[in-house]
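Analysis of the macromolecular model
As a plain string of letters, each chain reads:
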Amino acid sequence: MRDVRGDFPIPSRTFAGRPLVYLDNAATSQKPRAVLQAMQRFYEQSNANAHRGVYRLAEEASAALEGAREAVRRFIGAADAAEVVFTRGTTESINLVAQGWAARRLRQEDELVVTELEHHSNFLPWQRVAQQTGAKLRVLPVDFLGAPQFDELGAHTKLLAFSQVSNVLGTILPAKRLIQAARARGAAVLIDAAQSVPHLPLSVQDLDCDFLAFSSHKMLGPTGIGVLWARRDRLEETEPLLLGGGMVREASVEHSTWLAAPQKFEAGTQPIAEAVGLRAAIEYLETLGMDAVEKHARELSSHAVRQLSQVPGVRVHAALAERAAVVSFQVDGAHPHDVAASLDQHAICVRAGHHCAQPLMRKLSVAGTVRASIQIYNTLAEIDLLAAALAEL
Ligand code: PLP
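To start, this report covers the structure provided alongside it. This is a predicted model, so every value here is computed, not measured. (Residues numbered from 1 in each chain as written. Predicted model: local features only at pLDDT ≥ 70, side-chain atom pairs only at ≥ 80, totals over all residues. Heavy atoms only, no water.)

Along the chain, Thr369 turns up in strand β17 (residues 369-373). With relative accessibility at 0%, the residue Thr369 sits in the buried group. (Helix = DSSP H or I, 4+ residues; strand = E, 2+ residues; numbered from the N terminus. Buried < 20%, exposed > 50% of the residue type's maximum accessible area, 1.4 Å probe, protein only.)

Below is the structure:
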């Protein structure tokens, strides 16, 4: 991992003579030079609109976009690149399923189920669907370590939507068991993979879910692009939310028809350079191997739990075993924002607040937490710096 660190410009920065310790990776990750260079190369050599022109430069741009789609397909183990839809990120992907699929299909007698630890991006879109359709929104309780209780799944459940990894507790939810429980009741499943795709090996075919949403910027790629993967039949059932150029088969004054997925959902000019950057990020992660990436996150987060638990006055809220790259904690007598501001004086970047998961904060009976989140360039020594700074505080 020492070799990896040199690939990333920002982790080598200093603030007032102190080395930067970037531990806010669950918010967004830093980018390796390979990603930045791939995007620059695209703009310098291949920039044109995709799927528009017949000249060779335009064909290069189209090939760049479709090459990125194929890289995503491979990375998430999908059967067909046509099941990979580019969006702006996890939030847009989930809203597309909520309004394009769920709001059109659910009825008053149906139920939508989410868990108590969802990010607002996987909660508010379903709350709106429930308001629009009269369907009931149920919340699957989690215990204090983030393990879900299965009892709330009923015969009327039409959709189960859950985060594979909690952005607050780092808990890795038992996705396969949840999916099997939902399937047994005939429900569709959406996985919010914003915090899992960057850290865990994953295959949508193996998981057997219906929808999977994630963002490029949390997995070493650029902002402005993300993915909705869905099984082909689900994409056929989903209506596009954005209408316009590039998604139409035939338009007339009376009536218009759409192209098949994924173009049906990709109206307007696509984020082509960002797709190129996402592909470079995927290839970078593939070179490291996702097993090694996962192992590194588990090692560092276990080390963080051990070290932080030993600091007097620090209370760690973290899943014990099935934990990915996130550790949340509290410092007795100090507001999380004050803790984060104080850590910034040590050039340590952590997030403080409710982490867009207010229902979970209520469950934990806290207004917010401090969150340290890890990526491949972080080191054990950086975790020790965090523990030492907290001890001083
Ligand atoms: N879901 C989870 C679990 C997240 O952690 C986040 C971002 O923090 C999101 C959804 C939203 O991702 P984005 O802001 O990239 O759309």
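For the ligand, the set of nearby residues contains 13 residues, the closest of which are Thr91, Asp192, Gln195, Ser215 and Lys218. With respect to the ligand, the side chain of Gln195 contributes an N or O atom lying 2.7 Å from an oxygen atom. His217 places a polar side-chain atom, nitrogen or oxygen, 2.8 Å from an oxygen atom of the ligand. For the ligand, whose unbound accessible area comes to 400 Å², protein coverage reaches 86%. Taken together, the residues of the shell around the ligand sort by class into two nonpolar, nine polar and two charged. (Near = heavy atom within 4 Å. Polar contact = N/O pair within 3.5 Å; in protein donor to acceptor, adjacent residues only side chain to side chain. Areas by Shrake-Rupley, 256 points an atom, 1.4 Å probe, with all protein chains shown as cover. Nonpolar A, V, L, I, M, F, W, Y, C, P; charged D, E, K, R; others polar.)

A few words now on the nonpolar core. By size, the foremost hydrophobic cluster in this structure holds 71 residues, and its most contacted members are Ile76 and Leu212. Here the element with the most residues in this core is helix α9 (residues 272-288); it accounts for ten residues. Split by domain, the residues of this core number at least three in each of domain 1 (2-23 + 289-392) and domain 2 (37-287). With residues up to four places along the chain from it excluded, the contact list for Leu212 reads Ile76, Ile191, Ala193, Val197, Leu202, Val204, Leu207, Val227, Leu228 and Trp229. Ranked by size, the runner-up nonpolar core spans 28 residues in total, among them Leu300, Val331, Ile348 and Ile374. (Core = buried A, V, L, I, M, F, W, Y, C linked by side-chain atoms within 4.5 Å. Domains from an automatic or database assignment. Contact = heavy atoms within 4.5 Å.)

Moving on, we get to the pattern of salt bridges. All told, the structure shown has 23 salt bridges when counted by the stated rule. Between Glu283 and Arg279 there is a salt bridge whose closest N-O contact spans 2.9 Å. Taken as a pair, Glu283 and Arg279 lie in helix α9 at a separation of four residues, close to a single helical turn. A salt bridge links Glu294 to Arg298, with the shortest nitrogen-to-oxygen separation between them at 3.0 Å. Taken together, the residues Glu294 and Arg298, both in helix α10 (residues 290-309) and four residues apart, mark about one turn of the helix. Here the salt bridges do not stand alone but share partners, grouping Arg105, Arg183, Asp208, Asp210, Arg231, Asp233, Arg234 and Glu237 into one network. (Salt bridge = Lys/Arg side-chain N within 4 Å of Asp/Glu carboxyl O.)

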